[in-house]
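Architecture at a glance
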Amino acid sequence: MERDIYDEDHEAFRDLVRDFVKRHVTNADRERWDANGEVDRDTMKAAAEAGILGLSVPEEFGGGGMLQDYRFRAVVNEEIIAAGAGSLAGAFGIQDDLAVPYLVHMGTPEQQAKWLPRMATAEVVGALAMTEPGAGSDLRGIRTTAKKVDGGYLVNGAKTFISSGATADVVVTFVKTGEGNRPDAFSIVLVEDGAPGFEHGKKLEKIGFHGHDTAELSFTDVFVPDENLLGGEEGHGFVQLMRNLPLERLSIGVAGVAAAQAALDWTLAYVREREAFGSRIADFQNTRFQLADVAATVDALWAYIDRAMRAYANGELSAEEAAKVKFWTTEREWEVLDACLQLFGGYGYILEYPIARAFADARVHRIYGGSNEIMRDIVSRALVGKR
Ligand SMILES: Cc1cc2nc3c(=O)[nH]c(=O)nc-3n(C[C@H](O)[C@H](O)[C@H](O)COP(=O)(O)OP(=O)(O)OC[C@H]3O[C@@H](n4cnc5c(N)ncnc54)[C@H](O)[C@@H]3O)c2cc1C
């Protein structure tokens, strides 16, 4: 089905992204990121230079000024995921959809001036650290504290599963500054790489996204100056988190739909070529029906996610709607990837094939950004309340 959310600016931008992909997203690049467990900084800088990273940084700070209009980010996701480089799309997403928005929406003018120009060029890469070994879904259970001392805070605790956590220069860190678990007990601080007591732990070995680092972080009496308290006021951490969640969830949905589309395209090409029993795999009725189902699902996914992008652009994507979008799109993505992989037979299980990598990458879409069970909880609370 024809999509109608892009205009000629987006299509011109798509050409730019394709050109970047041609030059910087070769098999050799992808293999290097996978072997190193991270995307190298030169690639991030080249993307920023080409104008496809740093899209969410306001123009006055040297970025693309597209934070409220997700369509350009969607084009980046589509093209990079279609090139089989989910890890690169993930690394871009952490910068543009997670780290930068906290500074744009909640940073003081001084914080914005300090960080955003360098985030626009990828000289500075950011990460967002909420999850801890003992608290993921239940973020009010975090134990990392930031204790007020003269001129700043002393941060103690540990975070885990932090995307870009091994390579980040600045970590937007969710901490406790008060007692108990009321919303105003939490704040966000910007922890800088190199601060004494701040350690980037080992890169975690994952089943997917091999080329994007995910790490543990530890904080032992890390001094964070007052000027690094996000927004300059204590007790706003929860509200700040809530402010950005719809974008985070929309972004996961878009990546999921882009992966579903890519899987369909790879599979169509494959089943036309591969033969068994003297005919193309494409000629078996099962293949044809599976593909018909997948194609209809992918159309529905675009229709839904495009509508969500519009709602976001108009400031109308509520927490409940974003939760719905996140869980529904990523559940369908999973079904699509599974059906497509099956049509590749054994090759679908081999990581050399993009379908295998995309399948492994897709699994975490149902877990992070708020698990899909938590998403359903949010939606059902809005529907029927909760005693
Ligand atoms: C590759 C990867 C990258 C990540 N990147 C980041 C990052 O950059 N920053 C960051 O802060 N975090 C990140 N995370 C963490 C991620 O957001 C959490 O793993 C996720 O929120 C789930 O938390 P948990 O792992 O502690 O699971 P738990 O909260 O322990 O949940 C375990 C299971 O119980 C279910 N469950 C929990 N509570 C309920 C409930 N109330 N009702 C029903 N079911 C429930 C969950 O859905 C899940 O199935 C990442 C995780 C991974 C794997």
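Residues numbered from 1 in each chain as written. Predicted model: local features only at pLDDT ≥ 70, side-chain atom pairs only at ≥ 80, totals over all residues. Heavy atoms only, no water.

1. Let's talk about the packing of aromatic side chains
- Under the counting rule described, the total for this entry stands at 11 aromatic pairs.
- Between Phe-20 and Phe-92, the ring centres sit 6.4 Å apart and the planes meet at 50 degrees, which makes this aromatic pair tilted. With Phe-20 in helix H1 (residues 8–24) and Phe-92 in helix H5 (residues 86–106), the pair connects residues that are 72 residues apart, well separated along the chain.
- With a relative accessible area of 0%, Phe-20 lands in the buried category.
- With relative accessibility at 0%, the residue Phe-92 sits in the buried group.
- A centroid spacing of 5.6 Å and a plane angle of 75 degrees characterise the contact between Tyr-304 and Trp-328, whose relative ring orientation is edge-to-face. On the criterion of sequence distance, the pair formed by Tyr-304 in helix H8 (residues 285–313) and Trp-328 in helix H9 (residues 319–343) is long-range, its members being 24 residues apart.
- For Tyr-304, a relative accessible area of 24% gives the class partly exposed.
- A connected cluster of aromatic rings, assembled from ring pairs, spans Tyr-270, Phe-344, Tyr-347 and Tyr-353. (Phe/Tyr/Trp six-rings, centres within 6.5 Å; stacked < 30°, edge-to-face > 60°. Helix = DSSP H or I, 4+ residues; strand = E, 2+ residues; numbered from the N terminus. Buried < 20%, exposed > 50% of the residue type's maximum accessible area, 1.4 Å probe, protein only.)

2. Focus: the domain arrangement of the protein chain
- Domain assignment breaks the protein chain into domain 1 (8–120), domain 2 (126–235) and domain 3 (239–384).
- For domain 1 and domain 3, the distance between their C-alpha centroids amounts to 21 Å.
- Contact with domain 1, which involves 19 residues of that partner, is made by 22 residues of domain 3.
- Interface of domain 1 and domain 3: buried area, both sides summed, is about 1,800 Å²; carbon and sulfur atoms make up 64% of it.
- There are zero salt bridges connecting domain 1 and domain 3.
- For the pair domain 1 and domain 3, the interface holds five residue pairs in polar contact (both at pLDDT 80 or more). (Domains from an automatic or database assignment. Contact = heavy atoms within 4.5 Å. Buried area = accessible area lost by both parts, 1.4 Å probe. Salt bridge = Lys/Arg side-chain N within 4 Å of Asp/Glu carboxyl O. Polar contact = N/O pair within 3.5 Å; in protein donor to acceptor, adjacent residues only side chain to side chain.)

3. Looking at the site of the ligand
- Taken together, 17 residues surround the ligand, and among them Thr-131, Ser-137, Phe-161, Ser-371 and Glu-373 come closest.
- A distance of 2.8 Å is found between a nitrogen atom of the ligand and a side-chain nitrogen or oxygen belonging to Ser-163.
- For the ligand, the accessible surface in isolation is 970 Å², of which the surrounding protein chains cover 63%.
- Put simply, the parts of the chain that give the shell around the ligand at least two residues each are strand E1 (126–129), strand E3 (152–163) and helix H11 (372–384).
- Considering every element that reaches the shell around the ligand, the biggest residue donor is E3, with three residues.
- For the shell around the ligand, the domains that each give at least three residues are domain 2 (126–235) and domain 3 (239–384). (Near = heavy atom within 4 Å. Areas by Shrake-Rupley, 256 points an atom, 1.4 Å probe, with all protein chains shown as cover.)

4. Considerations on the environment of Arg-41
- Looking at where Arg-41 falls in the secondary structure, it is placed in helix H3 (residues 41–50).
- Under the relative-accessibility criterion, Arg-41 is labelled partly exposed at 24%.
- With 83 residues separating them along the chain, Arg-41 and Val-124 place their C-alpha atoms 9.5 Å apart.
- Separated by 3.3 Å, the side chain of Arg-41 and the backbone oxygen of Ala-122 make a polar contact.
- Reaching out from Arg-41, the side chain makes a polar contact with the backbone oxygen of Thr-167 at a distance of 3.1 Å.

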